[in-house]
Amino acid sequence: MKKVVKFGGSSLASAKQFEKVGEIIRSDKDRKYVVPSAPGKRFDGDIKVTDMLYDCYHTASEGKAFDDKLAAIQERYLEIISGLGLDFSLAEDFKVIRKNFEDGAGDEYAASRGEFLNGKVMAAYLGFEFIDAAEVILFDEDGNFNADETDKRMSARLKTCENAVIPGFYGAKADGTVKTFSRGGSDITGSIVARALRADLYENWTDVSGFLVTDPRIVKNPEVVDIITYRELRELSYMGASVLHEDAIFPVRKAGIPINIRNTNHPEDKGTLIVSTTSQRSKFTITGIAGKKGFVAVTVDKDMMNTQIGFCRKVLQVFEENDISIEHMPSGIDTMCVFVHQDEFQEHEQMVLSGIQRSVEPDVVDVEADLALLAVVGRDMKEARGTAGRIFSALAHANINCKMIDQGSSELNIIIGVKNADFEAAIQAIYDIFITTQL
Ligand SMILES: Nc1ncnc2c1ncn2[C@@H]1O[C@H](COP(=O)(O)OP(=O)(O)O)[C@@H](O)[C@H]1O
Ligand SMILES: N[C@@H](CC(=O)OP(=O)(O)O)C(=O)O
């Protein structure tokens, strides 16, 4: 059996956390390939090393003194190295980093050093081989991840070693320029390594006992989901369930490798299994609830819109021309509504509105900002009657005005629009009706 184990920043924030990780790896001989993140927060209010690096590089790039900031980062690693009693030094690496910061190596290079250095510490601690992700995670000239070449290069490289530590979050272009994935991207690296190895399992170790029905920062102690499909998880992580990066599904899904989310602080818990398909029904009608704030709804009304062929296309083209991606588009006979990200939209607001005016001459265009979208997701929802009714009644009882509802044709999810201010209460109300009271 081959298992790839990824440890998040919360699992590697201190020497004590490293020791837990060491025990987990040593307790199972199949755990031979390790993907670490950079050290995360040790306590509430602490700063992740990745954020310290961005900040330090920002200072350096303004031509200001950054020695203190770099020293504080080095101190984080020294604390881990000495806490573990390792005879190992990163002094030479910090000299190189300092020089590269002065030479303007870029903020992606800067951020990637968190994982690079932690990978070195981890390899020294475990006695595993260290593989620099820049050699095996490849990006093309335009900075897009090159999946096929990476798979080839990574598979070939991993064949040469019994065990290895491959730092998460970054790779490089052919010319050596370091590129990072988006935040939380070590999850993607873990998935890429699992695929290259054709591993039996990808374990993703974090600080919660699996994928929870909803965000524990909103609902207290939510239930753990035992088993969830890639599709359900993708819907939920895209909509803000941050435990797993939304793009971490693709490499393992292609290879049919299950992901197991586990808790470094409670390794005895089974966690959540993420699979391509399952005959197991979910414990509740729904599998999970997630959501994001910060959307704008642009509503376009025009009498007899339904008879005008190409109307929707013309409206959507205006968004496309302004480089704005569309999240949802519920529509009626004489009205269509387009949900977009507020930050993307507000930059081009007047261009979009005048563009719509020109291209379809609507009767009314209305814009509403500060909206949130919630996704209620579940593979069993299509079998259950009254799911939407229960959602509406939960929201009505909580005095929340539902701005929009959109059910995908796969019936895997229902998307609900509410005001930003009602976001947390809406999640709690939906959680209560399906899980706490099961009314
Ligand atoms: N549905 C969810 N299930 C589990 N955790 C969630 C969910 N939604 C949000 N989270 C948050 O995700 C956190 C774990 O992700 P992250 O902070 O990226 O961890 P790591 O440092 O291990 O990569 C949890 O501590 C939790 O607060
Ligand atoms: N360290 C990076 C990448 C990452 O995946 O971190 P974590 O596993 O702690 O979410 C970040 O903070 O974004």
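Residues numbered from 1 in each chain as written. Chains lettered and ligands numbered in written order. Predicted model: local features only at pLDDT ≥ 70, side-chain atom pairs only at ≥ 80, totals over all residues. Heavy atoms only, no water.

### Looking at the sheet that holds strand β9 (residues 227-229)
For the record, the criterion: Pairing between strands is defined by DSSP: at least two bridges between them are needed. Per the convention used, a helix needs a DSSP run of H or I reaching at least four residues, while a strand needs a run of E reaching at least two, with both numbered from the N terminus. By definition in these notes, contact holds between two residues if any of their heavy atoms fall within 4.5 Å. Lines fitted to C-alpha atoms define the axes, with helix axes restricted to the stretch in contact, and inter-axis angles between N-to-C directions lie between 0 and 180 degrees.
Taken in spatial order, the eight strands of this open sheet run β3-β5-β2-β1-β8-β10-β11-β9, and their pairing is mixed. Only two strands of the sheet have a single partner each, and these edge strands are β3 (129-130) and β9. Strands β1 (3-7), β2 (31-36) and β8 (201-206) of the sheet are contacted by helix α8 (residues 186-197), whose axis makes an angle of about 150° with β2.

### Brief notes about the confidence of the model for the chain
Low pLDDT means the predicted coordinates in that region are not meant to be read closely. Operational definition: Each residue carries a pLDDT value, the predictor's own confidence for that position, ranging from 0 to 100.
Averaged over all residues, the pLDDT of the chain equals 95, while 100% of them reach at least 70. Interface scoring of the predicted complex returns ipTM 0.98; its pTM is 0.91.

### Structural notes on unusual backbone geometry
The backbone phi angle of Glu 361 is positive, close to 45°, even though this residue is not glycine. Considering the arrangement of structural elements, one finds Glu 361 in the loop between α12 (342-360) and β15 (364-377).

### Re the sheet that holds strand β7 (residues 178-180)
In spatial order, the strands read β4-β6-β7; together these three strands make up an open sheet with mixed pairing. Looking at strand neighbours, the two that pair on one side only are β4 (138-139) and β7, the edges of this open sheet. Relative to β7, helix α5 (residues 107-126) is tilted by about 75°, and along the sheet it contacts β6 (170-173) and β7.

### Brief notes about the site of ligand 2
This is how the line gets drawn: Near, as used in this document, describes a residue that has one of its heavy atoms within 4 Å of the molecule or strand being considered. By the criterion applied in these results, polar contacts are pairs of N or O atoms within 3.5 Å in which, for protein atoms, one can donate a hydrogen and the other can accept it, and in which residues neighboring in sequence qualify only through two side-chain atoms. Note on areas: these come from Shrake-Rupley sampling with a 1.4 Å probe, and a residue is covered only by the protein chains present in the view. Just so you know the grouping, Ala, Val, Leu, Ile, Met, Phe, Trp, Tyr, Cys and Pro go in nonpolar, Asp, Glu, Lys and Arg go in charged, and all remaining residues, Gly too, go in polar.
Lining the immediate environment of ligand 2, one finds Lys 6, Gly 8, Gly 9, Ser 37, Lys 48, Thr 50, Glu 115, Phe 169, Arg 183, Gly 184, Gly 185 and Ser 186. Within the side chain of Lys 48, an N or O atom sits 2.9 Å from an oxygen atom of ligand 2. Here an oxygen atom of ligand 2 and a backbone polar atom of Gly 184 are 2.8 Å apart. Out of a free accessible area of 340 Å², ligand 2 has 90% covered by protein chains. Within the shell around ligand 2, the residues separate by chemical class into one nonpolar, seven polar and four charged.

### A closer look at the site of ligand 1
Near ligand 1 lie 18 residues; those nearest to it are Gly 9, Ser 10, Thr 206, Asp 207 and Leu 212. Here an oxygen atom of ligand 1 sits 3.2 Å away from a polar atom, N or O, in the main chain of Gly 9. Arg 217 places a polar side-chain atom, nitrogen or oxygen, 3.5 Å from an oxygen atom of ligand 1. Considered on its own, ligand 1 offers 580 Å² of accessible surface; in the complex 85% of this is hidden by protein. Counted by class, the shell around ligand 1 contains seven nonpolar, seven polar and four charged residues.

### Details of the packing of aromatic side chains
Rules: In this analysis, rings of Phe, Tyr and Trp, with Trp reduced to its six-membered ring, are considered paired at centre separations within 6.5 Å, and the interplanar angle assigns stacked below 30 degrees, edge-to-face beyond 60, and tilted for intermediate values. Relative accessibility under 20% of the residue-type maximum defines a buried residue, over 50% an exposed one, and the middle range a partly exposed one, all with a 1.4 Å probe and only protein chains included.
Scanning all chains against the criterion turns up 10 aromatic pairs. Judged by centre distance (6.2 Å) and plane angle (70°), the ring pair of Phe 18 and Tyr 125 falls under edge-to-face. Taken as a pair, Phe 18 in helix α1 (residues 15-26) and Tyr 125 in helix α5 lie far apart in primary sequence, 107 residues in all. The exposure class of Phe 18 is buried, given its relative accessible area of 0%.

### Thoughts on the packing of helix α2 (residues 49-61) against α5
Condition: Two helices that cross are described as forming a left-handed crossing if the nearer one is turned anticlockwise from the farther one by less than a right angle, and a right-handed crossing if clockwise.
Between α2 and α5, the shortest axis-to-axis distance is 8 Å and the interhelical angle comes to 150°. α2 and α5 meet at a crossing whose hand is right-handed. Of the residues in α5, those touching α2 at Val 49, Thr 50, Leu 53, Tyr 54 and Tyr 57 are Asp 107, Ala 110, Ala 111, Arg 113, Gly 114 and Glu 115. Residues that form the contact of α2 with α5 fall into these classes: six nonpolar, two polar and three charged.

### Points about the domain arrangement of the chain
Where interface size is quoted, it is often the accessible area lost as the parts come together. Rules: Domain borders in the structure are assigned automatically or taken from a domain database.
Considered domain by domain, the chain is made up of domain 1 (15-197) and domain 2 (288-438). Taken over C-alpha atoms, the centre of domain 1 sits 39 Å from the centre of domain 2.

### Focus on the pairing of strand β14 (residues 335-341)
Counting buried positions along β14 yields six of seven residues, so the element is predominantly enclosed. With seven bridges connecting them, strand β12 (residues 288-301) and β14 associate as antiparallel partners. When the bridges of β14 are listed, Asp 301 appears paired with Thr 335. With two bridges joining them, strand β13 (residues 326-328) and β14 adopt antiparallel strand pairing.

### Looking at the environment of Leu 126
As for its position among the elements, Leu 126 is in helix α5. Under the relative-accessibility criterion, Leu 126 is labelled buried at 14%. Considered as a pair, Leu 126 and Arg 26 are 100 residues apart in the sequence and their alpha carbons are 8.6 Å apart. When neighbours within four sequence positions are excluded, Leu 126 is seen to be in contact with Gly 22, Ile 25, Arg 26, Val 34 and Val 165.

### Overview of the pairing of β6
Pairing geometry for β4 and β6, over two bridges, is parallel. From the neighbouring strand, Phe 139 faces β6, where its bridge partner is Lys 173. Bridging between β6 and β7 involves three bridges; their strand directions are antiparallel. From the neighbouring strand, Tyr 170 faces β7, where its bridge partner is Thr 180. In this antiparallel pair of consecutive strands, β6 and β7, the connection spans four residues, and Gly 176 shows a positive phi of 95°.

### A word on helix α13 (residues 387-397)
Our working definition: In this description, the arc belongs to the directions extending from the helix axis to the C-beta atoms.
When α13 is considered as a whole, its buried residues turn out to be Thr 387, Ile 391, Ala 394 and Leu 395. When α13 is viewed along its axis, its buried side chains cluster within an angular range of 95° and face the same direction. What points out from α13, more than 90 degrees from its buried face, is the exposed set Ala 396 and His 397. Its buried side turned inward, α13 meets β15, β17 (413-419) and α14 (423-436). Immediately downstream of α13, the backbone of Asn 399 shows phi near 65°, a positive value.

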